Amino acid sequence: QVQMVASGGGLAQAGGSLRLSCAASGRTFSTYAVGWFRQAPGKEREFVARITWSGGDTYYADSVKSRFTISRDKAKNTVYLQMNSLKPEDTAVYYCAVSVTAGARYNYWGQGTQVTVSS
């Protein structure tokens, strides 16, 4: 049982930056990976980035490579998503999620935080 709280969203202008945080609590020892996903109005949820909890291995969607950086602070049970060079296309609700196995399925989801990028 893992609970996550996503925060840090807000309004940014194109080319600006935001840092999202995902604070986890509960049985976090079971965490294999933490991922960030986003869902824009009228679109399906899409994968953004993920990091393995133990080793810190990262993986990014092509659309955010070289712009976003995922990291984690194990002592704080927190995962971050540093978003630079923001584009209007990045506007979405961003969700963090936990996977408890090495598979692609995510088991626990945060409530989401809104990111809006103006042109």
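All residue numbers refer to positions counted from 1 along the written sequence of the respective chain. Confidence filtering applies because this is a predicted model: local features only for residues at pLDDT of at least 70, side-chain atom pairs given and counted only at 80 or more, and all residues used for totals across whole chains, interfaces and linings. Only heavy atoms go into the side-chain values, all of them from the structure, while hydrogens and water stay out.

As a further point, take the state of the cysteines. Cysteine sulfur pairs qualify as disulfides if the two atoms are within 2.5 Å. Evaluated as defined, the whole model comprises one disulfide. The disulfide that involves C22 links it to C96, with 2.0 Å between the sulfurs. Given an S-S torsion of about 70°, the disulfide between C22 and C96 has right-handed geometry. Here C96 lies in strand β9 (residues 92–99) and C22 lies in strand β3 (residues 18–26), a separation of 74 residues in the sequence. Under the DSSP-based scheme used, a helix requires at least four consecutive residues in state H or I and a strand at least two consecutive residues in state E, with every element numbered from the N terminus.

Turning our attention to the packing of aromatic side chains. Note on aromatic contacts: the rings of Phe and Tyr and the six-membered ring of Trp form a pair at centre separations within 6.5 Å, being stacked when their planes are under 30 degrees apart, edge-to-face when over 60 apart, and tilted otherwise. What the rule picks out here adds up to five aromatic pairs. For the pair F37 and F47, a centre-to-centre distance of 5.7 Å together with 75° between the ring planes defines the contact as edge-to-face. Taken together, the residues F37 in strand β4 (residues 33–39) and F47 in strand β5 (residues 46–52) connect sequence positions 10 residues apart. Categorising residues by exposure relies on relative accessible area from a 1.4 Å probe, with only protein chains included: less than 20% of the type maximum marks a residue as buried, more than 50% marks it as exposed, and the intermediate range marks it as partly exposed. Taking relative accessible area as the criterion, F37 reaches 8% and is therefore assigned buried.

Should their charged atoms come close, side chains of opposite charge can pair. Salt bridges are defined by distance alone: a side-chain nitrogen of Lys or Arg within 4 Å of a carboxyl oxygen of Asp or Glu. In total, this model carries four salt bridges according to the counting rule given. For R38, the salt bridge identified is with D90, shortest N-O distance 2.9 Å. You can see R38 sitting in strand β4 and its partner D90 sitting in the loop between β8 (78–83) and β9, a full 52 residues away along the chain. We classify R38 as buried; its relative accessible area is 5%. In this structure, R67 and D90 form a salt bridge, with 2.8 Å as the shortest nitrogen-oxygen distance. A residue pair is termed long-range when its members are at least 10 positions apart, and R67 in the loop between β6 (58–60) and β7 (68–73) and D90 in the loop between β8 and β9 qualify at 23 residues. A single burial state applies to R67 and to D90, both of which are buried. Where salt bridges share partners, they join R38, E46, R67 and D90 into one cluster.

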